[in-house]
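Remarks on the overall topology
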Amino acid sequence: MNATPDPRLKAEEVSVLPLAAFDERVNVLGSKSYTNRYLAIASLSGRETVIKGALLSDDTLYFARAIETFGHVNCTVDHATASIHVTPTGQPMRAPKDDIFVGGAGTPLRFLISMAGHAQGTTIITGNTRMQERPMGDLLQALPPLGVDATAVRGNGSPPIRVVGGSFKGGATTINGLVSSQFTSSLIINALRAENDTHITIADELVSKPYVEMTLAALKEMGVHVGRDGYRTFTVAAGQQARGGEVTVEPDASGMSYFLAAAAILGSRVVIPGIGSGSHQGDVHLVDALERMGCRTQVTDDEITLTGGPLRAIDIDMEAMPDVVPSLAAVAAYAEGTTRITNIASLRVKECDRIAAVTTELRKMGIEVEELPDAMYITGGTPHGATIDTYDDHRIAMTFAIAGLRTEGVVIKDPGCVAKSFPTFWQTLDTLHPALESTK
Ligand SMILES: O=C(O)C1=C[C@@H](OP(=O)(O)O)[C@@H](O)[C@H](O)C1
Ligand SMILES: C=C(OP(=O)(O)O)C(=O)O
């Protein structure tokens, strides 16, 4: 897998060449969210675990390296088989001497804050410039009742975060659910190693709920039961141990979205194997949205097929599938009428402000977009080519690359940023058609 590094990951920009139509089976890489969850669970379980079909990308590799610095496990990555072998070393978890740096990996950073609560000593966790702006405050407030002292070094609720650990006792805490579901997932997963039972109450509403379902599904797959009352409370009983052994990661539904969007706007057919109706990934439901927009779809147990058709606008609340908002926005640019995407405030605190970025870049292509604090209204039309700024955000790069398959003259700046979640993205696009060339 991925034996020759793709030169486009180092290019300044890539010109996307339009494609007539295609009819392809497309294999996407393993789920980022499941890979992160299995890495965390395996490392906390104290049992040897092999994660097969794992996503090996910037985010997951930063996470694997970060986990190893606590000294209690080794994470051996096998690129040939896309697997990660997590092996206990027999050593206790200790805070690493050096700061932990995770680049732009938000989920890992949020999982690591709670994880450092199990490591004896003081851990400093940080990331790139954007990560140093992303919110962590809710999690920092929820950890002290469980015995963990976690603070923002600069007092601004963002990384660097200092965690004084070795003391994750469990107990009862409350977490705000409105900003990110990753805080709740972080607490649930790390409660696995607490001395006492852990009761987590969600204050307000919880955003991005399917990601918490994925957390529970991953724990269940590893033999850990989590009690719950809807999305109000979650309880992790002490003394449970994840089973270890082999676990297989399904394809990434967010990564899949670019190929569904490509088929939608090109009136083409795509089949994505390995993922289907049983998936807990919320982003799978992009298929339903695209069906409402005029595509034909078929979802079986283990395969998703989409065929593009004449596209019409829809109104859609995308709070539960934030990562595929840009993908849907690209399709909306080619649909008849105004698509209203609502309830997406969380997009403002992702790798970039994605509402602002999608609005700016679609407008550059001549598309009318109304930007609201928590929504985007996109009126479909005939986009023209443009040079797209990608804001160091993989999803902006991949989204506008898809627009470039339909619209001539789309140039994607900093194409290497796709490595955060989909390092083989450009090569996978090549399998549709040799439609890309690096220009610089
Ligand atoms: O738990 C996870 O794996 C994720 C949760 C989501 O974040 P929010 O809960 O912050 O919306 C999503 O955007 C992110 O890419 C992955
Ligand atoms: C928001 C994302 O990731 P994270 O929050 O893990 O950085 C993403 O992959 O779109």
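Scoring rules and cut-offs
Residues numbered from 1 in each chain as written. Chains lettered and ligands numbered in written order. Predicted model: local features only at pLDDT ≥ 70, side-chain atom pairs only at ≥ 80, totals over all residues. Heavy atoms only, no water. UniProt positions renumbered as here; feature names shortened; annotations may be inferred. Helix = DSSP H or I, 4+ residues; strand = E, 2+ residues; numbered from the N terminus. Buried < 20%, exposed > 50% of the residue type's maximum accessible area, 1.4 Å probe, protein only. Contact = heavy atoms within 4.5 Å. Domains from an automatic or database assignment. Buried area = accessible area lost by both parts, 1.4 Å probe. Salt bridge = Lys/Arg side-chain N within 4 Å of Asp/Glu carboxyl O. Near = heavy atom within 4 Å. Polar contact = N/O pair within 3.5 Å; in protein donor to acceptor, adjacent residues only side chain to side chain. Nonpolar A, V, L, I, M, F, W, Y, C, P; charged D, E, K, R; others polar. Areas by Shrake-Rupley, 256 points an atom, 1.4 Å probe, with all protein chains shown as cover. Pairing = 2+ DSSP bridges. Axes fitted to C-alpha atoms, helices over the stretch in contact; angles between N-to-C directions. Parallel < 35°, antiparallel > 145°, perpendicular 65-115°, else oblique. Left-handed = near helix turned anticlockwise from the far one by under 90°. Phe/Tyr/Trp six-rings, centres within 6.5 Å; stacked < 30°, edge-to-face > 60°. Lys NZ or Arg CZ within 6 Å of the ring centre and 35° of its normal. Core = buried A, V, L, I, M, F, W, Y, C linked by side-chain atoms within 4.5 Å.

Next up on the list: the UniProt feature "binding site: phosphoenolpyruvate" (unreviewed entry) in the protein. Residues annotated in UniProt with the feature "binding site: phosphoenolpyruvate" (unreviewed entry) correspond here to Lys-32, Gly-106, Arg-134, Gln-182, Arg-354, Arg-395 and Lys-420. Along the polypeptide, Arg-134 turns up in the loop between β7 (121-126) and α4 (137-142). Judged by relative accessible area, which is 4%, Arg-134 ranks as buried. Excluding residues within four positions of it along the chain, Arg-134 makes contact with Gly-104, Gly-106, Arg-110, Gly-157, Ser-158, Pro-159, Val-349, Lys-350 and Glu-351.

Split into domains, the protein comes out as domain 1 (7-29 + 252-430) and domain 2 (32-237). On a C-alpha basis, the centres of domain 1 and domain 2 stand 29 Å from each other. With 25 residues of domain 1 in contact, the opposing surface of domain 2 contributes 24 residues. Counting the surface domain 1 buries against domain 2, the share from its top three residues, His-280, Val-349 and Lys-420, is 32%. Counting across the interface, domain 1 meets domain 2 through 1 salt bridge. A salt bridge links Lys-420 to Asp-59; the shortest N-O distance between them is 2.7 Å.

Here we come to the site of ligand 1. Around ligand 1 lies a shell formed by Lys-32, Ser-33, Arg-37, Thr-107, Ser-180, Ser-181, Gln-182, Ser-208, Tyr-211, Pro-322, Asp-323 and Lys-350. A distance of 3.1 Å is found between an oxygen atom of ligand 1 and a side-chain nitrogen or oxygen belonging to Gln-182. Contacts to ligand 1 include Lys-350, whose side-chain N or O atom sits 2.6 Å from an oxygen atom. Ranked by residue count, the leading element in the shell around ligand 1 is helix α1 (residues 32-45), at 3 residues. Split into classes, the residues belonging to the shell around ligand 1 amount to 2 nonpolar, 6 polar and 4 charged. In terms of domain composition, the shell around ligand 1 takes at least three residues from each of domain 1 (7-29 + 252-430) and domain 2 (32-237).

Within the structure, ligand 2 sits among 13 residues, and Lys-32, Thr-107, Arg-134, Arg-395 and Lys-420 are positioned closest to it. Between Arg-134 and ligand 2, the recorded distance is 2.8 Å, taken from a side-chain N or O atom to an oxygen atom. Between ligand 2 and Lys-420, the relevant distance is 2.8 Å, taken from an oxygen atom to a side-chain nitrogen or oxygen of the residue. Burial of ligand 2 by the protein amounts to 99% of the accessible area it has alone, namely 300 Å². Broken down by secondary-structure element, the contributors of at least two residues to the shell around ligand 2 are α3 (106-115) and α11 (394-406). Partitioning the shell around ligand 2 into residue classes produces no nonpolar, 5 polar and 8 charged.

Right, let's talk about the sheet that holds strand β5 (residues 83-88) for a bit. Taking strand neighbours across the sheet as the criterion, the 4 strands line up as β4-β5-β3-β14 in an open arrangement whose pairing is mixed. The open sheet terminates on both sides in strands that have one partner only, identified here as β4 (73-78) and β14 (245-248). When the angles between neighbouring strand axes are averaged without regard to direction, this sheet yields 15 degrees. In terms of strand pairing, strand β3 (residues 49-52) meets β5 through 4 bridges, oriented antiparallel.

With that settled, the discussion passes to the packing of α1 against α3. Relative orientation of the contacting elements α1 and α3 amounts to 20 degrees, with a least axis distance of 10 Å. In terms of axis orientation, α1 runs roughly parallel to α3. Pair α1 / α3 crosses with right-handed handedness. Between α1 and α3, the residues in contact are Lys-32, Asn-36, Arg-37, Ala-40, Ser-43 and Leu-44 and Thr-107, Pro-108, Phe-111 and Met-115, respectively.

Put simply, helix α5 (residues 182-190) and helix α6 (residues 209-221) touch, their axes get as near as 9 Å, and they point 15 degrees apart. Overall, the two elements α5 and α6 adopt an arrangement that is roughly parallel. Handedness of the α5/α6 crossing: right-handed. Residues Thr-184, Ser-185, Ile-188 and Ile-189 of α5 touch α6, and the partners they reach there are Tyr-211, Val-212, Thr-215, Leu-216 and Leu-219.

Turning our attention to the environment of Ala-119. Turning to its location among the elements, Ala-119 is positioned in the loop between α3 and β7. Between the C-alpha atom of Ala-119 and that of Val-249, which follows or precedes it by 130 residues, the distance is 27 Å. Excluding residues within four positions of it along the chain, Ala-119 makes contact with Phe-70, Met-93, Arg-94, Ala-95, Gly-165 and Gly-166.

Once that is clear, we can look at the packing of aromatic side chains. Summed over all chains, the structure comprises 8 aromatic pairs. Over the ring of Tyr-231 we find Arg-228, and its NZ or CZ is 5.0 Å from the ring centre.

Bringing the UniProt feature "active site" (unreviewed entry) in the protein into the picture now. When the UniProt feature table is mapped onto this chain, "active site" (unreviewed entry) is found at Asp-323. Relative to the assigned elements, Asp-323 resides in the loop between β18 (315-317) and α9 (325-332). When its relative accessible area of 9% is taken as the criterion, Asp-323 is described as buried. Sequence-distant contacts of Asp-323, that is, excluding residues within four places in its chain, are made with Tyr-211, Ser-254, Tyr-258, Asp-283, Lys-350, Arg-354 and Arg-395.

Right, let's talk about the nonpolar core for a bit. Formed by 77 residues in total, the largest nonpolar core has its most connected members in Phe-259, Leu-260 and Phe-425. Among the elements that line this core, the one with the most residues is helix α7 (residues 253-266), at 11 residues. Here Phe-425 is in contact with Tyr-258, Phe-259, Met-398, Ala-401, Ile-402 and Val-418, once residues within four sequence places are set aside. In this structure, Ile-100, Ile-125, Leu-139 and Met-214 belong to the second largest nonpolar core, which totals 70 residues.

For the rest of this paragraph, the subject is the sheet that holds strand β6 (residues 100-101). Pairing within the open sheet is mixed, and its 4 strands lie in the order β6-β7-β9-β8. The sheet is open, and its two borders are formed by β6 and β8 (149-152), each paired with just one other strand. In the sheet, β7 pairs with strand β9 (residues 161-165) via 5 bridges, with the strands oriented antiparallel. The residue bridging Ile-125 from the neighbouring strand is Ile-161, located in β9. On the sheet, α3 packs against β6, β7, β8 and β9 and is oriented at approximately 170 degrees with respect to β7.

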